[in-house]
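A closer look at the structure
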Amino acid sequence: MLTDLKPAVLEEQNGKIQVLVVNNDGTIRSTIVLTGLKTLFQAKLPGMPREYVTRIVFDRTHLSLAIVKPPSEVVAGVAWREFRDRKFAEIVFVGVSDGHQGAGYGAHLMNHLKDYVKATSPVMYFLTYADNNAIGYFKKQGFTMEITLGRDIWAGCIKHYTGAKLMQCSMLPRIRYLQAGRMLQMQKEAVLAKIRAETQSHIVHQPPAQWANGVMPIDPLSIPAIRASGWTPAKEELARAQKRGPHFDKLRQLLDQIKSHNKAGPFLKPVDKAEAPSYYKIIKSPMDLSTMEVKLQDNQYQDPKDLFDDLWLMFWNCHKYNNKGTKTVQYGTVLEKRMWTLIKKVPEWAKAVEALVARGSPKESAEKGRWGRVLRRR
């Protein structure tokens, strides 16, 4: 039985809310809903000129989707404009009223939008400018700051907002977004049913009888369920033993922060030989973030300097192979600056940082055609 559906989904199923697509067609119903949307957007976007919000909401080239509680209370909404010949749409405003956040209205709104746009137009991409307060929401809805649409497709079509980040969502043609949550829950139930059939992890045992009058020290092996699990003090000691080096957690955090950077894309995995046939003729010691992740998990970085050397090598390779001014070099330069910022924050890495500084800039070293002291480790 599916019991984890968000309140917004259940409320629509029970008729407590309606989801309406409207534009300024002159009808009384549309005017009422658009007025509610205008008021909502103006309240949620206080830095946006009120006249501008009104003009966009009532502009007939824009569409709006609203979640309405009877009789006519607009509690959430989104306004967008489609560029059908270019197969993308610009999301202009999104808002959920105070008191209805946290109930799944934002996600439900976006799922409705995706399904509606896919069903009624050739649009398969959304673009939007998001400020710092909205970036987290859009990321949860499948948006990314990695823009794959060519600039020639959208430049001049959408309005640039100072201080905001451009984000893109690519829709999948075979996915019904309103059913995605239900589908995932069905998969979860199937997995849990399989686990219950193969294990006893779902069985909850009663507390030991010796604790009937209060908790007191007892021999763990006197409890039948613990004996049945195969637990022994020796296994407990082994499980508690340190399995990783002293720097593992911080190095893993460093790699995660670098990998999650919006300019890390070209460095996440090894270069595809099919895409760059000459790469491995020029670069004799390739390195990338996924390879570093494997090496970290295999305890090959006993000292932070070892991982720093691989990061240095990765940026050296970037400057060695790619021409100045290319997108990959620009991304590599930004990512290297991020690396320096992160590693200088950890006091115990000071000596390793000094050693890395002594090696000089990967860019300057690559441009001079020298290896410096690049480590060629297996």
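Residues numbered from 1 in each chain as written. Predicted model: local features only at pLDDT ≥ 70, side-chain atom pairs only at ≥ 80, totals over all residues. Heavy atoms only, no water.

Focus on the overall build of the protein
We count it as follows: In DSSP terms, a helix is any run of H or I states spanning at least four residues, a strand is any run of E spanning at least two, and both are numbered starting from the N terminus. Here the term buried applies to any residue with accessible area under 20% of the maximum for its type, exposed to any over 50%, and partly exposed to those in between, with areas from a 1.4 Å probe on protein chains only. The contact criterion used throughout is that any non-hydrogen atoms of two residues lie within 4.5 Å. For the accessible areas, the method is Shrake-Rupley and the probe is 1.4 Å, while residue cover comes only from the protein chains on display. We score Asp and Glu as negative and Lys and Arg as positive, and we do not count His or the chain ends. All charge positions are set by atom: Lys at NZ, Arg at CZ, Asp at CG, Glu at CD.
Of the regular secondary structure elements, the protein holds 16 helices and six strands. Buried positions account for 38% of the 378 residues belonging to the protein. If you take every contact in the protein between residues at least 6 apart in sequence, the share linking residues at least 24 apart comes to 65%. By element, 54% of the accessible surface of the protein is carried by carbon and sulfur atoms, the whole surface being about 22400 Å². Each charge class in the protein was averaged separately, 57 positive and 36 negative side chains, and the resulting centres sit 3 Å apart.

What to know about the confidence of the model for the protein
The cut-off we apply is this: Values of pLDDT, ranging from 0 to 100, describe the predictor's confidence in every residue of the model.
Per-residue confidence for the protein gives a mean pLDDT of 91, with 96% of residues at or over 70. When the criterion is pLDDT under 50, residues 370-378 qualifies, and its contacts beyond four places in sequence or with other chains add up to 27 contacts.

Some words on the pairing of strand β4 (residues 88-96)
This is how the line gets drawn: Between any two strands, pairing holds if DSSP finds at least two bridges. With the strands pointing away from the viewer, any crossover whose connection runs clockwise from the first strand over the helix to the second is right-handed.
With nine of nine residues buried, β4 is to be regarded as a mostly interior element. Where strand β3 (residues 73-83) meets β4, eight bridges bridge the pair, whose relative direction is antiparallel. Its bridge partner lying in β4, Ala 79 is registered against Phe 93. Between β3 and β4, which follow one another and run antiparallel, lie four residues, and Lys 87 among them has a positive phi close to 65°. In the sheet, β4 pairs with strand β5 (residues 125-130) via three bridges, with the strands oriented parallel. Residue pairing across strands places Phe 88 opposite Tyr 125, the latter belonging to β5. Regarding the hand of the β-α-β motif, the stretch spanning β4, helix α4 (residues 105-120) and β5 is right-handed.

Some details on the state of the cysteines
Selection rule: Count a disulfide wherever a pair of cysteine sulfur atoms falls within 2.5 Å.
Using the criterion set out here, one finds zero disulfides in the structure. Cys 169 forms no disulfide, and the closest cysteine sulfur to it belongs to Cys 157, at a distance of 18 Å.

Remarks on the sheet that holds strand β2 (residues 62-69)
Cut-off, in case you're wondering: As a rule, the C-alpha atoms of each element are fitted with a line to give its axis, helices using only the stretch in contact, and angles between N-to-C directions run from 0 to 180 degrees.
In spatial order, the strands read β1-β2-β3-β4-β5-β6; together these six strands make up an open sheet with mixed pairing. The two strands at the open ends of the sheet, each matched to only one other strand, are β1 (18-22) and β6 (165-170). Strand-to-strand twist of the sheet, defined as the mean angle between neighbouring strand axes without regard to direction, takes the value 25°. Along the sheet, helix α2 (residues 28-44) makes contact with β1, β2, β3 and β4, crossing β3 at roughly 95°.

Some words on the side chain of Gln 42
Which entries qualify depends on this criterion: What qualifies as a polar contact is a pair of N or O atoms within 3.5 Å, subject to a donor-acceptor requirement within protein and to the restriction that residues adjacent in sequence count only when both atoms come from side chains.
By the secondary structure assignment, Gln 42 is in helix α2. A polar contact of 3.1 Å, which involves the side chain of Gln 42, links it to the backbone oxygen of Arg 50. Beyond its immediate stretch of four places on either side in the chain, Gln 42 contacts Arg 50, Val 53 and Thr 54.

Considering unusual backbone geometry
With omega at 5°, the peptide bond leading from Pro 70 into Pro 71 counts as cis. Locating Pro 71 in the fold gives a position in the loop between β2 and β3. Although it is not a glycine, Lys 87 adopts a positive phi angle of roughly 65°. Note that Lys 87 resides in the loop between β3 and β4. The residue Asn 299 is not glycine, and still its phi comes out positive at about 60°. Mapped onto the elements of the fold, Asn 299 is located in the loop between α12 (289-297) and α13 (304-321).

Looking at the pattern of salt bridges
Put simply, the rule is: Note on definitions: salt bridges are taken to be side-chain nitrogens of Lys or Arg within 4 Å of carboxyl oxygens of Asp or Glu.
With the rule as written, the count across this model stands at nine salt bridges. Between Lys 44 and Asp 98 there is a salt bridge whose closest N-O contact spans 2.7 Å. Of the two residues, Lys 44 sits in helix α2 while Asp 98 sits in the loop between β4 and α4, which places them 54 residues apart along the sequence. The class for Asp 98 is exposed, based on a relative accessible area of 61%. Residues joined in a network through salt bridges with shared partners are Lys 305, Asp 309 and Arg 359.

Examining the side chain of Asp 288
Inspection of the secondary structure puts Asp 288 in the loop between α11 (279-282) and α12. As a buried residue without a salt bridge, Asp 288 has its nearest oppositely charged side chain in Lys 259, at a separation of 8.8 Å. Engagement of the side chain of Asp 288 in a polar contact is seen with the side chain of Ser 290, the distance being 2.4 Å. Non-local contacts of Asp 288, meaning those with residues more than four positions away in its chain, are made with Phe 267, Leu 268, Lys 269, Pro 270 and Met 314.

Notes on helix α15 (residues 350-359)
Heads up, the condition is: For this quantity, the arc is that covered by the directions from the helix axis to the C-beta atoms.
Every buried residue of α15 is listed here: Ala 352, Val 353, Leu 356 and Arg 359. The arc that holds every buried residue of α15, seen down its axis, measures 110°, which confines them to one face. Turned more than 90 degrees off the buried face of α15, the exposed positions are Lys 351, Glu 354 and Ala 358. Of the surrounding elements, those touching the buried residues of α15 are α13 and α14 (327-343). After α15 finishes, the residue Gly 360 shows a positive phi value of roughly 90°.

Observations regarding the packing of α12 against α13
Counted only if it meets this: Relative orientations are named as follows: roughly parallel for angles under 35 degrees, roughly antiparallel for angles over 145 degrees, roughly perpendicular for angles from 65 to 115 degrees, and oblique for any other angle. Crossings are sorted by hand: turned counterclockwise from the far helix by less than a right angle, the near helix makes the crossing left-handed, and turned clockwise it makes it right-handed. Each residue gets one of three labels, nonpolar for Ala, Val, Leu, Ile, Met, Phe, Trp, Tyr, Cys and Pro, charged for Asp, Glu, Lys and Arg, and polar for the others, Gly among them.
Between α12 and α13, the shortest axis-to-axis distance is 11 Å and the interhelical angle comes to 165°. By the angle class used here, α12 and α13 are roughly antiparallel. The crossing of α12 and α13 is right-handed. Of α13, the residues touching α12 (which contributes Leu 289, Met 292 and Lys 295) are Leu 307, Asp 310, Leu 311 and Met 314. Of the residues in the contact of α12 with α13, the class split is five nonpolar, no polar and two charged.

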